[in-house]
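An overview of the molecular structure
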There are 2 protein chains.
Amino acid sequence: MGSNGSPSERGRAPAAAASAAFPAKPTAAAGPAAAQPAMRWWGWSEPSHPPLLGARAQHSLRARLGATAPPQPPVALAQVRLEDSALSGSAGEELRKLLGGDRVSLDREARVRHAAGRGYLDLVRLRRGELQGAPDAVVSVGDARETLALLELCGRRSIAVVPFGGGTSVVGGLAPLRGRHEAVIALDLARVVGIESLDRRSLTVTAGAGTRVAALESALAAQGLTLGHFPQSFEHVSLGGCAATRSAGQASTGYGRFEDLVLGLRLLTPSCEVELLPTPASAAGPDLRRLIVGSEGVLGVIDRLTLQIAPRPSSRRYDGLMFADFEGGMEALRQLAQDGVAPAVARLSDEQETQLTFELAGSSLSRRAASLYLAARGRRQGCLAILGFEGVEAGRVRAERRHALRIAHEHGAIALGRSPGKAWLASRFAAPYMRDELLTHGILVETLETASTWSNLSPLKVAVQRAIEGALQRCGTPPIVGCHVSHLYETGASLYFTFLAQALLGEEQRQWQAVKDAASEAIVEGGGTITHHHAIGRDHAAYLQREIGAGGVAALAALKAQLDPQEIMNPGKLLPLSG
Amino acid sequence: MGSNGSPSERGRAPAAAASAAFPAKPTAAAGPAAAQPAMRWWGWSEPSHPPLLGARAQHSLRARLGATAPPQPPVALAQVRLEDSALSGSAGEELRKLLGGDRVSLDREARVRHAAGRGYLDLVRLRRGELQGAPDAVVSVGDARETLALLELCGRRSIAVVPFGGGTSVVGGLAPLRGRHEAVIALDLARVVGIESLDRRSLTVTAGAGTRVAALESALAAQGLTLGHFPQSFEHVSLGGCAATRSAGQASTGYGRFEDLVLGLRLLTPSCEVELLPTPASAAGPDLRRLIVGSEGVLGVIDRLTLQIAPRPSSRRYDGLMFADFEGGMEALRQLAQDGVAPAVARLSDEQETQLTFELAGSSLSRRAASLYLAARGRRQGCLAILGFEGVEAGRVRAERRHALRIAHEHGAIALGRSPGKAWLASRFAAPYMRDELLTHGILVETLETASTWSNLSPLKVAVQRAIEGALQRCGTPPIVGCHVSHLYETGASLYFTFLAQALLGEEQRQWQAVKDAASEAIVEGGGTITHHHAIGRDHAAYLQREIGAGGVAALAALKAQLDPQEIMNPGKLLPLSG
């Protein structure tokens with residue numbers, strides 16, 4: 001869920017740096033998605049995906065980080081250590097009787113494929129084949145009636161349930177924790193798919209929550225429409241996953257966050273069904289939509305969604321700009337957001353991320369753009385920005401672009417033209433592929449994000465970067481830490497950090513936890529939210545109380561007690577495991 | 001609270017029809033508010049307010065409705081029937097000890113002034129002096145510590161608490177129901193006021209929840225800023241009231257609904273304090289902001305808010321248009337909303353409301369505009385629209401206006417120029433003043449609203465109008481029913497109904513309930529939300545379950561049980577009285 005991603009087409013262009021990205025042959029990134037490529041069981045890429053990290057980049061990066069270990073390939077599937085399923089007995093039999101034998105899989109690969117999300121530690125464990133605690137079975141439902149019956153059975157037989165959409169959580173949201181229960185299943189929503197209705201006049205679509213965002217986008221594109229939701233996980237993530245985790249999407253500045261797109265939805269819980277009327281707006285008490293959106297599977301299963309869609313943009317122009325410094329760039333973005341003319345996509349890399357982007361750039365195109373800039377300015381430092389303008393009226397897109405470029409220029413930017421923008425579009429989902437390769441090279445690569453008000457962004461950025469650097473230095477693995485600001489709001493924006501360091505092989509968990517703790521502490525101390533679009537999951541659960549207080553946590557717990565009295569739903573996520 | 005209103009300046013222009021409004025001398029409606037005028041205890045107007053309903057309009061309206069009763073003036077304050085306060089004993093003594101004697105009032109006028117909101121039935125009861133069930137005391141707190149201590153005391157002494165801001169609820173949200181408790185107090189937030197901090201760079205302001213919207217707007221105006229929130233109750237309503245009821249505001253299309261403006265807030269409950277970090281966005285679990293916003297005082301007291309503000313528009317142009325028919329006008333508004341160029345204010349009256357507007361227009365200006373239109377078209381029917389464009393850049397405002405007028409023209413509109421727009425601005429808060437006068441003339445006047453998707457608006461409008469007409473015809477009092485569409489969203493809009501009929505004197509409650517039931521049934525059956533911006537209060541509580549289901553109501557009840565275990569907070573509002 002949250003923000004991870006991969007490619008939708010075969011033959012897609014090789015792409016660039018971990019999350020920074022500025023390379024490659026342009027492809028129509030928002031174009032119709034091909035059939036879903038299957039992830040590798042141990043990572044993100046489908047097997048046919050070409051490598052992204054060139055020999056030069058590989059060498060330079062390993063040298064900078066002091067990574068000297070030989071390649072660390074994943075184990076073979078047969079070597080993965082799995083415990084025996086706790087559902088080989090009568091409870092499993094009852095499951096099969098309820099749903100049919102083909103919908104309840106105890107198969108090794110199925111269990112492995114549902115054993116983890118795609119966070120850094122997930123990948124480390126997958127590649128080592130350490131999947132003790134994998135789900136005891138993978139279960140698939142076809143409709144709401146089946147889901148409600150399944151939840152009843154699971155409550156009765158003490159089976160924990162982890163709702164599973166695209167499998168892309170990067171915060172431990174899919175960890176198959178069983179809490180106090182006898183067993184745990186992954187509830188795969190792969191069959192709860194498809195468009196139920198499309199209302200062109202109202203610009204709404206109703207679809208099953210298991211529908212992949214890419215598949216919906218493809219179906220809408222054929223009708224001249226778009227959802228406009230492009231998280232980095234675009235190629236795999238499901239609608240239900242985006243809803244459960246309050247996904248933002250790279251173009252949230254233009255199309256809104258996922259939560260803004262939800263008009264109505266249905267939640268199936270162990271105790272009841274909550275169906276909320278699709279309405280553009282209401283004052284009928286607290287907005288329960290916003291309580292279900294973000295509930296991360298701990299209240300029940302989001303089963304169906306009615307979403308706002310938009311006319312498909314016919315005019316699109318993505319520009320690259322180079323700001324002399326980050327502060328100037330931020331001021332330009334702030335002004336765009338507050339003038340109400342922020343483009344659909346806006347992101348500004350700091351010097352470190354900009355440098356990393358150039359360093360990892362896989363294509364001659366991006367190198368050309370870099371040279372252009374360097375030649376023009378005679379210096380190596382600068383902050384790369386991507387501004388993506390799109391709309392249905394070419395004239396308005398042009399006017400907005402002119403307005404934005406003028407503001408950028410006033411804040412010390414020079415234009416790099418279309419190439420960087422096209423390259424960014426082509427590689428916008430590439431970072432998780434690159435991450436697979438970096439892990440093979442013994443490199444820790446991780447991202448985390450926060451958001452705050454404009455006034456607080458600079459001090460918060462400094463504090464978080466220092467925390468990450470300090471923690472990894474104390475581990476003896478000095479990092480590269482880059483950051484970009486994106487997802488513009490009138491009142492603030494998101495800060496997205498990417499860091500790379502030599503992995504402490506065999507001690508990845510300790511190393512990762514040290515930096516995660518330091519960064520999280522800096523975020524909550526610095527007035528940022530613990531997550532802008534990756535959700536709470538397991539990784540941030542300890543920090544939720546710092547953000548919403550004991551009273552807020554108690555309110556959520558009371559809600560869970562009402563809807564999921566036996567606590568079978570996704571134990572240990574969002575709220576800490578009880579007892 | 002929600003959407004009712006009154007004037008901020010002396011000498012303001014006389015204005016027009018109940019909620020439709022199209023008259024009068026222009027004043028700077030969003031300009032700095034003067035000191036809060038006090039409402040009359042029995043109605044809306046301050047005593048010095050000039051009458052709005054001219055003799056001609058009065059005569060014609062009474063004739064159309066068959067209203068023949070003599071004027072029905074309110075009783076004198078001394079005649080109001082109040083029960084003795086249940087807090088004259090030791091509990092009251094304890095309250096005074098906690099807060100000081102000057103903060104606990106058992107005074108007759110104070111109790112009367114906090115005995116009701118400003119819905120139709122509230123006014124009927126107030127004018128008759130039937131205030132049995134008034135609060136036993138009016139209590140005022142100065143800070144969070146005092147509020148928490150007060151709630152503790154009230155829990156211990158079994159005293160129900162009705163949070164009281166501007167006193168403008170039109171849905172029974174302030175009814176001093178005591179539930180199963182010994183007494184009930186109105187907790188007046190008039191001292192929890194003022195700006196705590198203003199962040200110009202981030203465009204946020206933090207203020208006490210008792211701060212009046214008009215006072216905040218005035219303070220912001222002095223700094224070149226605006227909240228952009230103008231419910232019809234603008235002159236009286238408090239920030240906390242807007243938050244508690246999910247107020248929309250007449251310019252929500254331009255500035256967002258109140259819930260969209262809330263970055264952070266604090267809720268003080270009988271069991272804890274919930275303080276939510278002001279953040280532009282977050283994915284940290286369900287958005288508890290949206291759970292507190294809309295909670296209508298039943299979970300606790302909203303005490304402080306951090307809100308998004310905006311640069312004050314320097315360019316403003318409000319236009320009047322006449323569409324040949326309602327369907328054409330709706331299509332034009334839909335296109336504006338979906339093109340992303342909807343003006344800050346957009347509203348389209350149907351034929352009935354348009355006619356009523358002209359009929360009640362108090363000034364020669366509006367009559368001139370009407371004549372202009374009639375002369376141009378040679379017919380009496382048509383649908384009046386007001387489009388209000390505003391912004392900080394004159395060029396953009398002009399461009400948006402051109403775009404909008406072109407679309408309107410394509411859908412059969414003729415321009416009426418600035419006068420109707422100026423008149424609307426001048427009288428945008430006038431309807432509740434007019435309502436006071438209509439009640440004196442023995443006329444039932446009421447409004448209600450819903451929202452739905454564009455595709456569903458026309459059938460919903462027809463169904464609700466028929467239900468209102470049918471119910472009042474069955475009462476033997478055939479009504480005038482007008483409607484306007486406003487508050488545009490990409491996916492739909494609000495429908496706002498105004499109806500007038502001869503009041504069944506002495507049977508106002510039965511008459512009102514008959515039409516309310518019929519309209520509410522038509523709304524929920526027709527797929528609309530039971531309220532777009534008036535909130536649930538007591539009047540819609542029976543319909544909440546139709547909208548969010550038994551599961552949704554159970555979720556809210558669980559939340560209340562956690563935060564307010566003794567059920568002292570605003571009993572019988574939002575959720576039905578328990579037991």
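Residues numbered from 1 in each chain as written. Chains lettered and ligands numbered in written order. Predicted model: local features only at pLDDT ≥ 70, side-chain atom pairs only at ≥ 80, totals over all residues. Heavy atoms only, no water.

Here we look at the overall build of chain A
This is how it is decided: Each helix is a run of H or I in the DSSP string that is no shorter than four residues. Each strand is a run of E no shorter than two, and both are numbered from the N terminus. Buried residues are those whose accessible area, probed at 1.4 Å on protein chains only, stays under 20% of the maximum for their type, while exposed residues exceed 50% and partly exposed ones sit between those limits. The contact rule is simple, with two residues in contact once any of their heavy atoms fall within 4.5 Å.
Within chain A one finds 19 helices and 18 strands. For chain A, with 579 residues in total, the buried portion stands at 67%. Nonlocal contacts in chain A, meaning residues at least 24 apart in sequence, comprise 79% of its contacts between residues at least 6 apart.

Let's talk about helix α19 (residues 541–563) of chain B
Spacing of three or four residues puts side chains on the same side of an α-helix, whose turn is 3.6 residues. Test applied: Every helix has an expected span of 1.5 Å times one less than the residues it contains. Note on bend: the value at a residue is the angle between axes fitted to the seven residues ending there and to the seven starting there.
For α19(B), with 23 residues, the first-to-last C-alpha span of 20 Å runs short of the 33 Å given by 1.5 Å per residue. Taken as a whole, α19(B) carries its principal kink of about 110 degrees at I548(B).

Digging into the interface of chain A and chain B
As a reminder, the rule being used: The buried area of a pairing is the accessible area, by a 1.4 Å probe, that goes missing from both parts when the two are put together, added over both. Throughout this description, the term salt bridge denotes a Lys or Arg side-chain nitrogen within 4 Å of a carboxyl oxygen of Asp or Glu. In protein, a polar contact means a hydrogen-donor-capable atom and an acceptor-capable atom, both N or O and within 3.5 Å, with residues adjacent in sequence counting only if both atoms are side-chain atoms; elsewhere, any N or O pair within 3.5 Å suffices.
Residue-level contacts link 77 residues of chain A with 77 residues of chain B. Interface area lost by chain A to chain B is led by R201(A), R246(A) and P286(A), which between them contribute 12%. Taken together, the links from chain A to chain B amount to four salt bridges. Where D287(B) meets R246(A), a salt bridge forms, and the shortest distance between an N and an O atom there is 3.5 Å. Summed over the shared surface of chain A and chain B, the result is 28 residue pairs in polar contact (both at pLDDT 80 or more).

Describing the sheet that holds strand β6 (residues 204–208) of chain A
Residues and elements named next belong to chain A. Definition in use: DSSP-based pairing: two strands are paired if at least 2 bridges between them are found. All axes here are fitted lines through C-alpha atoms, helices being fitted over the stretch that makes contact, and every angle between N-to-C directions spans 0 to 180 degrees.
Read across the sheet, five strands follow the order β5-β6-β10-β8-β9 without closing on themselves; strand pairing throughout is antiparallel. Because the sheet does not close on itself, it has two edges, and the strands there are β5 (195–199) and β9 (273–276). Averaged over all neighbouring strand pairs, the angle between strand axes comes to 10 degrees, with direction disregarded. Relative to strand β10 (residues 301–308), β6 runs antiparallel, the two sharing five bridges. Residue T206 lies in a different strand from β10, and its bridge partner there is T306. Together, β8 (262–268), β9 and β10 form the strand contacts of helix α5 (residues 144–157), whose direction differs from that of β8 by roughly 45 degrees.

Section: helix α11 (residues 326–338) of chain A
All names here are of chain A. Over its 13 residues, α11 extends 18 Å from the first C-alpha to the last, a length consistent with the 18 Å expected when each residue adds 1.5 Å. Burial within α11 is extensive, with 10 of its 13 residues counted as buried. The N-terminus of α11 is capped by D325, whose side-chain oxygen sits 3.3 Å from the backbone nitrogen of E327. Just past α11, the residue G340 takes up positive phi, approximately 75 degrees.

Some remarks on the packing of aromatic side chains
How we decide: Any Phe, Tyr or Trp ring, taking Trp's six-membered ring, that has another such ring centre within 6.5 Å forms a pair; planes under 30 degrees apart are called stacked, those over 60 apart edge-to-face, and the others tilted. Whether a charge sits over a ring comes down to the Lys NZ or Arg CZ being within 6 Å of the ring centre and within 35 degrees of the ring normal.
Taken as a whole and assessed by the stated rule, the structure comprises six aromatic pairs over all chains. Between F230(B) and F234(B), the aromatic rings sit 5.2 Å apart at their centres with planes inclined by 45 degrees, giving tilted as the arrangement. Neither residue differs from the other here; F230(B) and F234(B) are each classed as buried. Each residue in the set F230(A), F234(A) and F429(A) is aromatic and connected to the rest through ring pairs, giving one cluster. Over the aromatic face of F326(A) sits the side chain of K461(A), whose NZ or CZ is 4.6 Å from the ring centroid.

Points about the pairing of strand β3 (residues 159–164) of chain B
Residue and element names in this part refer to chain B. Among the six residues in β3, six count as buried, and that is most of the element. Alternating residues of β3 divide into I159, V161 and P163 and A160, V162 and F164, and every residue in both groups is buried. Where β3 lies against strand β4 (residues 183–188), six bridges are found, and the strand directions are parallel. Across the sheet, the residue bridging to V162 is A186, located in β4.

Considering the sheet that holds strand β13 (residues 345–349) of chain B
All names here are of chain B. Spatial strand order, β15-β12-β14-β13-β17-β18-β16: seven strands in an open sheet with antiparallel pairing. For this open sheet the edge positions go to β15 (413–417) and β16 (443–453), each flanked by a neighbour on one side alone. Pairs of neighbouring strands in the sheet enclose a mean axial angle of 20 degrees, with direction left out of account. The strands touched by helix α17 (residues 454–474) are β16, β17 (480–486) and β18 (492–502); relative to β18, the strand with the most contacts, the crossing angle is about 15 degrees.

Notes on the packing of helix α4 (residues 120–128) of chain B against helix α18 (residues 508–525) of chain B
Residues and elements named next belong to chain B. Rules: Oblique is the label for any angle not under 35 degrees, not over 145, and not in the 65 to 115 range, which are roughly parallel, roughly antiparallel and roughly perpendicular in turn. Amino acids are sorted into nonpolar (Ala, Val, Leu, Ile, Met, Phe, Trp, Tyr, Cys and Pro), charged (Asp, Glu, Lys and Arg) and polar (every other residue, Gly among them).
Relative to each other, α4 and α18 sit at 175 degrees, their axes nearing to 10 Å. Classified by the interaxial angle, the pair formed by α4 and α18 is roughly antiparallel. Packed against α4, whose contacting residues are Y120, L121, V124 and R128, the element α18 presents E508, Q509 and W512 at the interface. When grouped by side-chain class, the residues that make up the contact of α4 with α18 number four nonpolar, one polar and two charged.

A few points about the pairing of β5(A)
Residues and elements named next belong to chain A. Pairing of β5 with β6 involves four bridges; the strand directions are antiparallel. Across the sheet, L198 pairs through a bridge with V205, a residue of β6. With antiparallel pairing between neighbouring strands as the criterion, β5 and β6 make up a hairpin whose turn holds four residues, including L203 at a positive phi of roughly 55 degrees.

Topic: the relation of the copies chain A and chain B
To keep things clear, this is the line we draw: Least squares is the method used to superpose the copies, on C-alpha atoms of residues holding a pLDDT of at least 70 in both.
Overlaying chain A on chain B yields an RMSD of 0.0 Å, the required transformation being a rotation through 180 degrees with an accompanying axial translation of 0.0 Å. Expressed as an axis order, the relation between the two copies is that of a two-fold axis. Of the residues that chain A buries at the interface, 100% are likewise interface residues in chain B, meaning the two copies contact each other through the same surface.

Concerning the side chain of T453(A)
Mapped onto the secondary structure, T453(A) falls in strand β16 (residues 443–453). Using a relative accessible area of 13% as the deciding quantity, one classes T453(A) as buried. Ignoring anything within four residues of it in the chain, the contact list for T453(A) reads T491(A), G492(A), S202(B), T204(B), L263(B) and P280(B).

With respect to the side chain of T253(A)
Residues and elements named next belong to chain A. You can see T253 is positioned in helix α8 (residues 252–255). A distance of 3.1 Å separates a polar atom in the side chain of T253 from the backbone nitrogen of L488. With near-sequence residues (within four places) excluded, T253 lies in contact with A342, P343, A344, H487 and L488.

Here's the deal with the environment of T206(A)
Residue and element names in this part refer to chain A. One can find T206 in strand β6. For T206, a relative accessible area of 11% puts it in the buried group. Placed 58 residues apart in sequence, T206 and G264 show a C-alpha to C-alpha distance of 8.7 Å. Contacts of T206, omitting those with residues within four sequence positions, involve G194, I195, E196, S197, R304, L305 and T306. A polar side-chain atom of T206 sits 2.8 Å from a polar atom in the side chain of T306.

As far as function goes, none of this settles anything; it's purely spatial.
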